[in-house]
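# Reading the structure
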Amino acid sequence: MAFLPQSRGRTFGAKIAACLALGVAVCATLAYAAETQIFDPKTRKWVEYDRKKARSYYAAHKQVPEAFRRQIVKFRTAEKPGTIIIDGNQHFLYLVQPDFTAIRYGIGVGREGFGWAGMVKVGRTAEWPTWTPPAEMVARDPNARKWAGGQPGGPDNPLGARALYLYQGDQDTIYRIHGTPEPWTIGLDVSSGCIRMNNDDITDLHSRVAVGAKVIVLMQGASLYKGV
């Protein structure tokens, strides 16, 4: 059963071109939110893909829709292999490979008001990382407050099996690419700004990515990364 994602707004290629043409660390994006849709081959219509439908689909199939599963795709870019390019509106992460191909992974991204765009790098990585919520999250989220001192790594940890810590120069941005104990959320706008993947995918990505790798994050309606 083939489900294909779609979001409203400019094409991904146009977004990359506009961002890279600026030659700056962070790219501004259009000020409206994208909506995830999937193509239902039974009805031959594009339908909204929200939290309720995502949970129902995962419960029935034990996996996310096909488009959000890891796969090799054609991908033309001037970026070198090993670069990570994130299309937040389409909910895809691309790991650039040789010969104009990429490994494409499905992702969950920041919910409305928490999206961001920028050019950063992988500053460090961790296996079964400890999750320490930032002060802003502790202040607004009672569930995070009890882990203000750090939640040990494990299957219930919000960072999942692996984490790539995103840096701007030597500064930790507080954003991560990480796993999740909620794999059904892949394809949704659900996080506080981090990029989430299912645990199998983040484990695969972690095994392929070097510290120092460039990460390009593109998202329409997103904020500029603070501090750049």
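Residues numbered from 1 in each chain as written. Predicted model: local features only at pLDDT ≥ 70, side-chain atom pairs only at ≥ 80, totals over all residues. Heavy atoms only, no water.

### Side note on the overall build of the chain
For the chain, the helix and strand inventory stands at 5 helices and 15 strands. Here the chain, with 228 residues, has 49% of them falling under the buried criterion. The contacts in the chain between residues at least 6 apart in sequence include a share of 67% that link residues at least 24 apart. Looking at the chain as shown, the accessible area adds up to about 11,200 Å², and 52% of this sits on carbon and sulfur atoms. (Helix = DSSP H or I, 4+ residues; strand = E, 2+ residues; numbered from the N terminus. Buried < 20%, exposed > 50% of the residue type's maximum accessible area, 1.4 Å probe, protein only. Contact = heavy atoms within 4.5 Å. Areas by Shrake-Rupley, 256 points an atom, 1.4 Å probe, with all protein chains shown as cover.)

### What about the confidence of the model for the chain?
Mean pLDDT over the chain works out to 82, with 79% of the residues at or above the 70 mark. Across residues 6–34, where pLDDT falls below 50, the model places 71 contacts with residues more than four positions away in sequence or in other chains. Across residues 224–228, where pLDDT falls below 50, the model places 15 contacts with residues more than four positions away in sequence or in other chains. (pLDDT = per-residue confidence, 0-100.)

### What about the environment of Y165?
Structurally, Y165 is set in strand β10 (residues 162–168). Expressed as a C-alpha distance, the spacing of Y165 and T125, which sit 40 residues apart in the sequence, is 5.9 Å. Every residue in contact with Y165, bar those within four places of it in the chain, is listed here: K121, V122, G123, R124, T125, A126, P129, T130, L159, Y175 and R176.

### Things to note about the pairing of strand β3 (residues 45–48)
Where strand β2 (residues 37–40) and β3 come together, 4 bridges link them in antiparallel fashion. By the bridge assignment for β3, D40 is matched with K45. As consecutive antiparallel partners, β2 and β3 are separated by 4 residues, and within that stretch R44 has a phi angle of approximately 55°, a positive value. (Pairing = 2+ DSSP bridges.)

### Some points on helix α5 (residues 199–208)
When α5 is considered as a whole, its buried residues turn out to be D201, I202, D204, L205 and H206. As for α5, its buried residues are in contact with β5 (84–87), β6 (92–97), β7 (101–106), β9 (116–127), β10 and β11 (171–178).

### Concerning the pattern of salt bridges
Taken as a whole and assessed by the stated rule, the structure comprises 7 salt bridges. Two residues, K214 and E79, come together in a salt bridge whose shortest N-O distance is 3.1 Å. On the criterion of sequence distance, the pair formed by K214 in strand β14 (residues 214–218) and E79 in the loop between β4 (71–74) and β5 is long-range, its members being 135 residues apart. Judged by its relative accessible area of 36%, K214 is partly exposed. Its salt-bridge partner being E127, residue R162 comes within 4.0 Å of it at the nearest N-O pair. (Salt bridge = Lys/Arg side-chain N within 4 Å of Asp/Glu carboxyl O.)

### Looking at the nonpolar core
With 24 residues, the main nonpolar core has I84, I86, L93, I177, L205 and V215 as its most contacted residues. Of all the secondary structure elements, the ones that give two or more residues to this core are β5, β6, β7, β9, β10, β11, α5 and β14. Counting residues per element, this core draws most heavily on β9, which supplies 3 residues. In contact with I84, not counting residues within four places along its chain, are L93, Y94, L95, V122, L164, I177, L205, V209, K214, V215 and I216. Within the second largest apolar cluster, 20 residues are counted, among which are A54, F75, I85 and Y94. (Core = buried A, V, L, I, M, F, W, Y, C linked by side-chain atoms within 4.5 Å.)

### Some words on the environment of T185
Of note, T185 is situated in the loop between β11 and β12 (189–191). In this structure the side chain of T185 is engaged in a polar contact, spanning 3.0 Å, whose partner is the side chain of R196. (Polar contact = N/O pair within 3.5 Å; in protein donor to acceptor, adjacent residues only side chain to side chain.)

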